[in-house]
Amino acid sequence: MTHVPISTPPVCALGLMAKAPVAGEVKTRLVPPLTAAEAAELNMCFLRDMAANIANVSETAAATGLVVYTPAGAESAFDRVLPAGFKLLVQRGANLGERLGNATDDLLQQGYGGVCLINSDSPTLPQSLLLRAIELLMAEGDRVVLGAAEDGGYYLIGLKHAHRHLFDRIAWSTPDVFARTKERAAEIDLPVELLPPWYDVDDGDTLSQLCEDLFFRESSNGAYAAPHTRSFLDSIIKAEGLARICPKLSNRRTAT
């Protein structure tokens, strides 16, 4: 495990849960309409944008950004992807629940006052949601902060104690994850603070939703501009047309 320097509470760790952006290993549900190489490049753009978003938030809030990555030994895949000062922490565990629980415990043991673990598939995630998560988590008293994803999971979970019960008996990658997590919190009388919902980009439908945000809406509920993601998708659209990646939007004219 890469050592994360001890931080003085109440600094909050903002950790992106991420796979190394290797073709054929990431964003496989986007192949097609993307090629495996394009999906890996898009995944790298997501990481760049979300890390930059977190770095911006950290300039105005008591927070530190890092990537909680898999697989072990893939550190070089993140070279020149992350902003200066970003840390790396390897994931540990046989399933997502174990990895989330271990990452929370590892970071709390490093001295952070709270930990927010964030999926790396929401490049337009508004900064306001990250700031609100920090505010809620670092207030007095114990709680879990949850940001519901539109697919039934969550895009963020924030904790100040390693409540491993929250990750027990969860059928991961199903539409029930968010609901079951709230049930686990109720079983241990842990207060739940909810953030507004947002979306992950995992398949063709959510890729179209992303293109809607990036190319057709002047303002989308404070969505982050995601410049790396936008530039990459724009390059495909200009070369091959919008129908190449978003057939549902093929009759629309982009605002590029």
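The preceding data block contains the structure.
Description of the structure in this document. Keep in mind the model is a prediction, meaning the values are calculated, not measured. (Residues numbered from 1 in each chain as written. Predicted model: local features only at pLDDT ≥ 70, side-chain atom pairs only at ≥ 80, totals over all residues. Heavy atoms only, no water.)

### Observations regarding the overall build of the protein chain
Looking only at helices and strands, the protein chain has 6 helices and 7 strands in total. Its helices and strands in sequence order give the protein chain the pattern β-α-β-β-α-β-α-β-β-α-β-α-α, from N to C terminus. In terms of overall dimensions, the protein chain is globule-like: its C-alpha atoms have a radius of gyration of 18 Å, near the 18 Å expected for 256 residues. Dimensions of the protein chain, computed from C-alpha atoms along their principal axes, come out at roughly 50 × 35 × 35 Å. A total of 256 residues make up the protein chain; the buried ones form 53% of that total. (Helix = DSSP H or I, 4+ residues; strand = E, 2+ residues; numbered from the N terminus. Rg over C-alpha atoms; globule rule 2.2 N^0.38 Å. Buried < 20%, exposed > 50% of the residue type's maximum accessible area, 1.4 Å probe, protein only.)

### Topic: the pattern of salt bridges
Pairs can form between side chains of opposite charge once their charged atoms are near each other. The final tally for this structure, using the stated rule, is 14 salt bridges. Across the pair Arg-92 and Asp-106 runs a salt bridge whose closest N-O atoms are separated by 2.9 Å. Pair noted here: Arg-92 is in the loop between strand 3 (87-90) and helix 2 (96-109) and Asp-106 is in helix 2, with a separation of 14 residues, a long-range link. Residue class for Arg-92 comes out partly exposed when judged on its relative accessible area of 36%. Each member of the salt-bridge network shares a partner with another, and the members are Arg-169, Asp-176, Arg-180, Glu-183, Arg-184 and Glu-187. (Salt bridge = Lys/Arg side-chain N within 4 Å of Asp/Glu carboxyl O.)

### Topic: the pairing of strand 6 (residues 154-159)
Burial of strand 6 is extensive: 6 of the 6 residues sit out of reach of the surface. Strand direction decides the pairing type here: strand 4 (residues 114-119) and strand 6, joined by 4 bridges, are antiparallel. The partner of Ile-118 across the bridge, within strand 6, is Leu-156. Sheet topology places strand 5 (residues 144-149) next to strand 6; 5 bridges connect them, and they run antiparallel. Within the sheet, the bridge partner assigned to Val-144 lies in strand 6 and is Leu-159. Between strand 5 and strand 6, which follow one another and run antiparallel, lie 4 residues, and Gly-152 among them has a positive phi close to 100°. (Pairing = 2+ DSSP bridges.)

### Quick notes on the packing of helix 1 (residues 36-60) against helix 3 (residues 127-138)
Their axes nearest at 10 Å, the elements helix 1 and helix 3 cross at an angle of 50°. Judged by the angle between their axes, helix 1 and helix 3 are oblique. Viewed along their axes, helix 1 and helix 3 form a crossing whose handedness is right-handed. Within the contact between the two elements, helix 1 uses Asn-53, Ile-54, Asn-56, Val-57 and Thr-60 and helix 3 uses Gln-127, Leu-130, Leu-131 and Ile-134. (Axes fitted to C-alpha atoms, helices over the stretch in contact; angles between N-to-C directions. Parallel < 35°, antiparallel > 145°, perpendicular 65-115°, else oblique. Left-handed = near helix turned anticlockwise from the far one by under 90°. Contact = heavy atoms within 4.5 Å.)

### Digging into the sheet that holds strand 3
Sheet architecture is open: 7 strands sit in the order 3-2-1-4-6-5-7, paired in mixed fashion. This sheet does not close on itself; its edge strands, each paired only once, are strand 3 and strand 7 (192-198). Looking at each pair of strands side by side, their axes are set apart by 20° on average, direction ignored. In the sheet, strand 5 pairs with strand 7 via 5 bridges, with the strands oriented parallel. Across the sheet, Val-145 pairs through a bridge with Glu-193, a residue of strand 7. On top of the sheet, helix 3 reaches strand 1 (12-19), strand 2 (63-70), strand 4, strand 5, strand 6 and strand 7; it is set at about 175° to strand 7, its chief contact. The strands touched by helix 4 (residues 177-187) are strand 5, strand 6 and strand 7; relative to strand 5, the strand with the most contacts, the crossing angle is about 165°.

### Remarks on the environment of Asp-168
As for its position among the elements, Asp-168 is in the loop between strand 6 and helix 4. When the C-alpha atoms of Asp-168 and Asn-102 are compared, they prove to be 13 Å apart, with 66 residues separating the residues in sequence.

By themselves, these observations are geometric and do not establish any function.
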